[in-house]
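Take a look at the letters that make up each chain.
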Amino acid sequence: MILFFLTSGLFLGWSLGANDASHIFGSAVGSKMVSFRKAAIIASVFFILGAVIQGSGTSHTLDKLGSVNAIGGSFTLAFAAAITIYMMTKFALPISTTQAIVGAIIGWNFFTGNHTDSKTLERIVSAWIAGPVIGAAFAILLYITVKKFKRSTKIHLIRFESYIKTGLILVGAFGAYSLGANNIANVMGVFVPAFHLNDLNLWIITLNSSQQLFLLGGLACATGILTYSYKVMNTIGNNILELSSEAALVVVLAQALVLFIFSSTGLSNLFVKAGLPPIPMVPVSSSQVIVGCILGIGLYKGARNINFKVLGEIGLAWIISPVASGLLTFLLLFFMKNVFGLNVGRAANESAAVTDQTSSLTAIGQADASNIIKYLLFGLFIFGTIGIIFYILLENKKKREMQRSEEKFWKNMK
Amino acid sequence: MPVFTRTTKNLILKIDEFFDDIDLGLLVFKEGIKSYLDKDMEAFRRHLQKVDQLENNADRLQREIENEMIMHSILPQHRSEVSTLIDELDEIIDALKSSLNEINIEMPDIPSSLNKNFISITETSVNAAEELIPAARLYFKAPYTVRERLLKVYYFESETDKLAFSAKRIIFQEMNELDLAHKAHLRYIIHHIENISDLAQKAADLLSGMAIKIVM
């Protein structure tokens, strides 16, 4: 039952994996520089790593905005965000998971009578605006550096492209890690305050309650990447292909850096030590950042006809997504509470002694949930190992066949 | 990962070897024509054999380069253009081989008074193709300098046209002692030699477009 409440978050995770992760390897896969299989495996592994290792920073910010204190509330909130995303995508309106979830949290705050921290909200909104702008600045700087390097070294085109190809894989891995670290809060952040799972000992590391939730969210995202991102990657790849290969690398690297900056607590601490203001740990929209990066390169190249429609759509998404998601959350919470009698949360100043069905449910289910995660990981490990062995054997077979056919050709030519 | 494999290095070496073959083929072709005009048939056949060998090697390299680019997903954005360029360059060495072969089979009777004209046409036509090879090499290392190198290709091509036109005029208007079939045969041989610079120009057009695309 406890896992049922997670389904809405897992669905959000699947959607995030299918759409946002595609931005990272889209150019590499769309241009056939990296095979989809390789890209999907790298993106999945590094997304999960980013989510588990570094996902807590942005999650804390969402927690400050609104600490959802009942599983029913978390479920409804994630469900409302997922429906908003689905509906807006269907009507071709600009949407971002980040903005939808923030709107949903504010909707929950309104419904339960919790106070929305205006300072946190201010930080979040400023990061949304700063994300694409910083992305554009990074893209311009990186693009100039790469161009200068290429011109001054007179490097052979084939060697340069092979560096780009390797770079796309490495930067893609970094991008997936950063995306996992920055965006996992969108998927699982609202469940963190309501879930209290037992620590999970995995021999090498021990995962706390929120890390287990991030792991589950990461796995959902990985499923999205493996099952549905191929089509999206090809579409994005073909659009980005208008840019050169070095521009594609720059765009992905700039995006990864922006996501990393807004999710690295270590970097933020360094800023504070240097006497600078701390970096807000805020989930930013990866798709909006990537558009910022592409526009940055366009500006540097002197493009006079910047597509203001795209810029307008981003601005519209900043307003429409949270408003629509917030309204829907409010309505769904009302429905869940009054029709199903589900506890969807309470004001933070209400007595903590109030017991409810969901908190007892948590107590019963927490040990089971940890065990399920443990067995799930064990199964995945075995499945992954078999998959890797099968892949290596298949690749070797293909190579042998190709070699044999080539030898046969030259033998016949002689 | 590509950077850790030898594929890139091997492919670069193969492309360089392919260009070397074309370059050498042009040189041998020029010497072959001179040997024929000097009536040194032994040297002519030796040169023909060498061009044949170079053409075979270029064909093998062309196939290997294209295979490797596809198999290892090298230059996905420029692959088709690079393949077309290599194909165009291969057509040049094919033309060298077929021209020498036809001379070897048809044994055209070239009057010694035309020797100078034939040598000039050959040298200028081959020069056009010779100027193309460094430009093609530059495409891979300094694409922004390709277009200035190609100017010489266009210059030599137009010079070849002028020389060929002048030689044809001499054959058809001044050499009345030759019969029409003989004149037509000589025109045909000139056309073959002239064709090399035309092929070089065609490849130069392609290369010029490729250079703009990669620089932008």
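Residues numbered from 1 in each chain as written. Chains lettered and ligands numbered in written order. Predicted model: local features only at pLDDT ≥ 70, side-chain atom pairs only at ≥ 80, totals over all residues.

Caption draft 1: Layout of the overall build of chain A. Secondary structure assignment for chain A yields 13 helices and 2 strands. Buried positions account for 53% of the 414 residues belonging to chain A. Intrachain contacts of chain A at a sequence separation of at least 6 include 87% that bridge at least 24 residues. (Helix = DSSP H or I, 4+ residues; strand = E, 2+ residues; numbered from the N terminus. Buried ≥ 20, exposed ≤ 12 C-beta atoms within 10 Å, placed from the backbone. Contact = placed C-beta atoms within 7 Å.)

Caption draft 2: Spotlight on the overall build of chain B. Tallying secondary structure elements over chain B gives 6 helices and 0 strands in all. Across chain B, helices and strands are ordered from the amino to the carboxyl terminus as α-α-α-α-α-α. Relative to a compact globule of 216 residues, whose C-alpha radius of gyration would be 17 Å, chain B shows 19 Å and is just as compact. With the C-alpha coordinates aligned to their principal axes, the bounding extent of chain B is approximately 70 × 35 × 20 Å. Across chain B, contacts joining residues at least 24 apart in sequence account for 80% of those joining residues at least 6 apart. (Rg over C-alpha atoms; globule rule 2.2 N^0.38 Å.)

Caption draft 3: Structural context of the confidence of the model for chain B. Chain-level statistics for chain B give a pLDDT mean of 91 and a share of 98% at 70 or above. Complex prediction metrics read pTM 0.78 and ipTM 0.80. (pLDDT = per-residue confidence, 0-100.)

Caption draft 4: Just the confidence of the model for chain A, in detail. Residues and elements named next belong to chain A. When the pLDDT values of chain A are averaged, the result is 81; 89% of them are 70 or greater. Across chain A, helix H2 (residues 36-54) holds the top mean pLDDT of 89, while helix H13 (residues 357-413) sits lowest at 75. Below pLDDT 50 for its whole length, residues 353-358 participates in 9 contacts with residues either more than four positions away or in separate chains.

Caption draft 5: Just the nonpolar core, in detail. Counting residues in each nonpolar core, the largest one holds 188 residues, and the members touching the most others are Ala43(A), Ala139(A), Val250(A) and Val251(A). Per element, the largest residue contribution to this core is 17 residues, and it comes from helix H7 (residues 157-188) of chain A. (Core = buried A, V, L, I, M, F, W, Y, C linked by C-beta atoms within 7 Å.)

Caption draft 6: Summary view of the interface of chain B and chain A. The interface of chain B with chain A comprises 15 residues on the first partner and 16 residues on the second. Counting only elements with at least two residues in the side of chain B that touches chain A, the list comes to helix H1 (7-37) and helix H4 (115-141) of chain B. When residues in the side of chain B that touches chain A are grouped by element, the largest group, 3 residues, is from H1(B). A class-by-class count of the residues in the side of chain B that touches chain A yields 11 nonpolar, 3 polar and 1 charged. (Nonpolar A, V, L, I, M, F, W, Y, C, P; charged D, E, K, R; others polar.)

Caption draft 7: Spatial organisation of the environment of His185(B). Within the secondary structure, His185(B) sits in helix H6 (residues 180-215). For the pair His185(B) and Ile110(B), spaced 75 residues apart in the sequence, the C-alpha separation amounts to 9.5 Å.

Caption draft 8: Representation of unusual backbone geometry. Residue and element names in this part refer to chain B. Here Lys 39, not a glycine, exhibits a phi torsion of approximately 60 degrees, which is positive. For Lys 39, the position within the fold is in the loop between H1 and helix H2 (41-71). Judged by the 10 C-beta atoms lying within 10 Å of it, Lys 39 is exposed. The phi angle at Leu 75 is positive, at roughly 50 degrees, despite the residue not being glycine.

Caption draft 9: Spotlight on the packing of H7(A) against H1(B). At their nearest, the axes of H7(A) and H1(B) sit 9 Å apart, and the two run at 160 degrees to each other. In this view, H7(A) runs roughly antiparallel relative to H1(B), as classed from their interaxial angle. As for how H7(A) packs across H1(B), the hand of that crossing is right-handed. In contact with Ile158(A), Arg159(A) and Ser162(A) of H7(A), H1(B) contributes Thr8(B), Leu11(B) and Ile12(B). Here the residues of the contact of H7(A) with H1(B) are counted per class, giving 3 nonpolar, 2 polar and 1 charged. (Axes fitted to C-alpha atoms, helices over the stretch in contact; angles between N-to-C directions. Parallel < 35°, antiparallel > 145°, perpendicular 65-115°, else oblique. Left-handed = near helix turned anticlockwise from the far one by under 90°.)

Caption draft 10: Layout of helix H9 (residues 245-261) of chain A. Along its 17 residues, H9(A) runs 24 Å from first to last C-alpha, staying within 8% of the 24 Å computed at 1.5 Å per residue. In terms of residue burial, H9(A) counts as a mostly covered element, since 16 of its 17 residues are buried. (Expected span 1.5 Å × (residues − 1).)

Caption draft 11: Broad picture of helix H1 (residues 7-30) of chain A. Residues and elements named next belong to chain A. Considering bend angle alone, the principal kink of H1 is centred on His 23 and spans about 60 degrees. Most of H1 sits out of view: 23 of its 24 residues are buried. Where H1 ends, the next residue or the one after it, Lys 32, has phi of about 65 degrees, a positive value. (Bend = angle between axes of the 7 residues up to and from the residue.)

Caption draft 12: Summary view of the environment of Asp179(B). Among the secondary structure elements, Asp179(B) is positioned in the loop between helix H5 (146-174) and H6. For the pair Asp179(B) and Asp23(B), spaced 156 residues apart in sequence, the C-alpha to C-alpha distance is 37 Å.

Caption draft 13: Region of the structure containing the packing of H5(B) against H6(B). All names here are of chain B. Two elements in contact, H5 and H6, have axes separated by 9 Å at closest approach and are oriented at 165 degrees. The orientation of H5 relative to H6 falls into the category roughly antiparallel. Two packed elements cross with a definite hand, and for H5 against H6 that hand is left-handed. Partitioning the contact of H5 with H6 into residue classes produces 15 nonpolar, 4 polar and 7 charged.

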